[in-house]
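Here are the chains, one letter per residue:
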Amino acid sequence: WCFPWRCDDTLSKSTINGKRVNHKGLWQYEDSYNPIIDYHNQIEDGTIVASNKIKATVAHLVREIELDEGRYTFDIELARRPVTFIENFIQHYKGIKSGEPYIMELWQLVIVYAFFGFVDRETRLRKYRELLLIVARKNGKSALASAIAVYLLYGDGESAPNLVSVATQKDQAKLVWEVSKALL
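Residue positions are given per chain, counting from 1 as you read along its sequence in written order. Confidence filtering applies because this is a predicted model: local features only for residues at pLDDT of at least 70, side-chain atom pairs given and counted only at 80 or more, and all residues used for totals across whole chains, interfaces and linings. Only heavy atoms go into the side-chain values, all of them from the structure, while hydrogens and water stay out.

A few words on the confidence of the model for the protein chain. Known as pLDDT, the predictor's confidence for each residue is given on a scale from 0 to 100. Confidence in the prediction for the protein chain averages 84 pLDDT; 90% of positions are at 70 or higher. We call two residues contacting when some pair of their heavy atoms lies within 4.5 Å. Low pLDDT, under 50, characterises residues 1-15; the predicted model gives this stretch 30 contacts beyond four residues in sequence or across chains.

Working definition of a nonpolar core: buried Ala, Val, Leu, Ile, Met, Phe, Trp, Tyr and Cys residues. They are joined through side-chain atoms within 4.5 Å. Note on exposure labels: buried denotes an accessible area under 20% of the residue type's maximum, exposed denotes more than 50%, and partly exposed covers the range between, all computed with a 1.4 Å probe on protein chains only. Ile36, Ile86, Ile90, Met104 and Tyr113 are the most contacted members of the largest nonpolar core, which totals 36 residues. At the level of elements, helix H1 (35-44), helix H2 (52-67), helix H3 (76-89), helix H4 (106-117), helix H5 (141-154) and helix H6 (170-183) are the ones that each hand at least two residues to this core. The way it works is that DSSP assigns letters per residue, a run of H or I at least four long becomes a helix, a run of E at least two long becomes a strand, and they are numbered from the N terminus. At 8 residues, H4 tops the list of elements feeding residues into this core.

Let's shift gears to H5. Under the 1.5 Å per step criterion, the end-to-end length of H5 is 20 Å for 14 residues, consistent within 8% with the ideal 20 Å. When we look at burial in H5, the residues that qualify are Ser142, Leu144, Ser146, Ala147, Ile148, Ala149, Val150, Tyr151 and Leu152. By this rule, a helix spans an expected 1.5 Å times one less than how many residues it contains.

Judged by side-chain polarity, Leu153, Tyr154, Leu163 and Leu184 come together as a nonpolar surface patch covering roughly 420 Å² of accessible area. Structurally, the position occupied by Tyr154 is in helix H5. Residue class for Tyr154 comes out exposed when judged on its relative accessible area of 56%. A patch consists of residues exposed above 30% relative accessible area that lack any salt bridge, with like charges linked at up to 9 Å and nonpolar side chains (Val, Leu, Ile, Met, Phe, Trp, Tyr) linked at up to 5 Å. The method behind every accessible area is Shrake-Rupley, applied with a 1.4 Å probe, and residues are considered shielded solely by the protein chains displayed. Basic side-chain nitrogens of Lys or Arg form a salt bridge, by our definition, when they fall within 4 Å of a carboxyl oxygen of Asp or Glu.

Following this line, the structure appears as structure tokens:
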């Protein structure tokens, strides 16, 4: 598959640490790149300012990846799959980026890699089944949730996925549904 916005080399110049490569017409992150470790390193060296809770959570994820013990393991291929799908098939649907590919920011990559990458060693079922995302307004929560929802509907391979969007008001919960429809 090769789409006009994916087949040139201009996107690789504005990527996170230059880790995106064109593989068979699809942009994806190199096998050696792990945004969780990248994010942790940038927190440690002061490039990224993060709260103590974020620091502890990311440090915990890195320890789990590095130790690779117990019931769960980190599968980089499973972690990368939704990102490859989203960044190649989802476009911004409104605003100044309308029509441009949805290229995730580092914090978004960390969330997606962690959510999809940790799996049971035997069953390959995901460790994390629910995601609570608390981010200030106008930072792309609905767009990210919608992009993940579209991936779960079309790219995850489950025959009948059940997705739920919850909010304190009906209009807010409906927003993710409306954005998801617009992305299709």
